[in-house]
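In case you want the letters, here they are:
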Amino acid sequence: MSSQTNSRTAAGFRTVIVPAAGLGTRFLPTTKSVPKELLPVIDTPGIELVAAEAAEAGADRMVVVTAPDKRSVIDHFQRNPELEATLEERGKNELLRKVRRAPELIEAEVAFQEKALGLGHAVGCAEDNLDDSDDAVAVLLPDDLVYPEQEGEPDVLTRMSEVRARHGGSVLCAFDVPPERTTSYGIFEVSETDDPGVKRVHGMVEKPDPADAPSNLAAAGRYLLDRAVFDALRRIEPGAGGELQLTDAVALLIAEGHPVHVVVHQGARHDLGNPGGFLKAAVDFALRDSEYASELREWLGQRLDRS
């Protein structure tokens with residue numbers, strides 16, 4: 001535990017906010033009764049993978065912002081003594097390890113969002129969960145999985161924390177997209193820094209046409225935000241549908257001279273927000289798993305040969 005504490009102190013932040021109040025409409029009818037965040041990538045819910053990423057980067061507290069009827073999302077991070085005792089009695093030690101993993105990863109607590117009014121609103125709902133030690137907070141969108149290209153490389157949150165320690169302010173994550181896909185993302189307006197993997201952000205354009213895009217760097221679901229973002233969220237105006245957008249708060253901070261940088265993510269990324277992306281993530285993770293990789297690779301080869 002002491003080594004974890006040291007890494008968390010070095011991280012420069014201890015709390016992550018995970019917005020998880022959405023309806024999961026693209027996964028209906030499954031999400032009528034099962035929150036999208038608990039759908040498994042192989043056998044692990046997506047939100048547990050995000051929690052593991054946060055813990056690896058040094059966080060020790062996760063605030064899940066969710067709707068009152070999605071309590072099962074936070075319940076996943078609570079102990080289940082009866083189930084654990086049954087597995088222990090039956091000698092199911094590997095299953096017992098998996099069941100205990102989520103509660104041991106990180107201290108999880110809940111902030112309720114009564115009505116979905118945008119990502120900025122969701123982040124603002126977590127402010128009362130913070131304390132004076134939270135000079136910065138990370139925001140992780142559970143639809144996005146990002147991880148290093150090579151095992152053993154620093155994860156993107158760790159890299160973002162290093163950039164904040166050097167430049168101050170807030171740090172976001174970006175990834176390169178083909179020009180024809182800029183219409184699907186928020187695109188950063190940036191300038192170079194001494195580090196080729198780090199850019200200074202001057203603005204952001206939502207879903208621009210390729211000819212109007214200021215770059216090919218799109219926003220990923222990872223933010224390391226200075227505490228000042230909560231004051232900015234109180235001062236921005238709601239947009240369409242009465243929603244408060246986190247990007248508008250970041251834009252306000254930039255306009256007021258607050259330094260904002262992006263780390264350009266070179267590793268893998270999966271979008272769990274739609275069934276197609278979820279399937280890609282499941283296949284990718286299975287191909288990295290010694291229990292499934294060999295048989296799956298052989299089956300995929302045979303199946304593709306028949307296509």
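The name that an unreviewed UniProt entry assigns to the protein chain is UTP--glucose-1-phosphate uridylyltransferase, with the source organism given as Actinopolyspora saharensis.

## So, the side chain of D155
As for its placement among the helices and strands, D155 is situated in the loop between β7 (144-147) and α7 (156-167). A distance of 3.1 Å separates the side chain of D155 from the backbone nitrogen of L157, its partner in a polar contact. A distance of 2.9 Å separates a polar atom in the side chain of D155 from a polar atom in the side chain of T158. Setting aside residues no more than four positions away along its own chain, D155 makes contact with E56, A57 and P148.

## Regarding unusual backbone geometry
Across residues other than glycine, the phi torsion is negative in most instances, and most of the peptide bonds are trans. Following L28, the chain continues to P29 via a peptide bond in cis, the omega torsion being 10 degrees. Among the structural elements, P29 can be located in the loop between β1 (15-19) and β2 (40-41). Residues other than glycine seldom take positive phi values, yet I42 does so here, at roughly 65 degrees. Tracing the sequence through the fold places I42 in the loop between β2 and β3 (44-45). By relative accessible area, which is 30% here, I42 ends up partly exposed.

Calculation rules
Starting afresh in each chain, residues are numbered from 1 along the sequence in its written order. In view of the model being predicted, local features appear only for residues whose pLDDT reaches at least 70, and side-chain atom pairs are presented and counted only at 80 or more, with totals across whole chains, interfaces and linings using the full set of residues. In computing side-chain values, all of the structure's heavy atoms are included and hydrogens and water are not. Counting from the N terminus, the helices are DSSP H or I runs at least four residues long and the strands are E runs at least two residues long. Under the rule applied, a polar contact is a pair of N or O atoms within 3.5 Å (in protein, one hydrogen donor and one hydrogen acceptor; residues adjacent in sequence only if both atoms are side-chain atoms). The criterion used for residue contact is that any of the two residues' heavy atoms lie within 4.5 Å. Residue exposure (1.4 Å probe, protein chains only): buried if accessible area is under 20% of the type maximum, exposed if over 50%, otherwise partly exposed.

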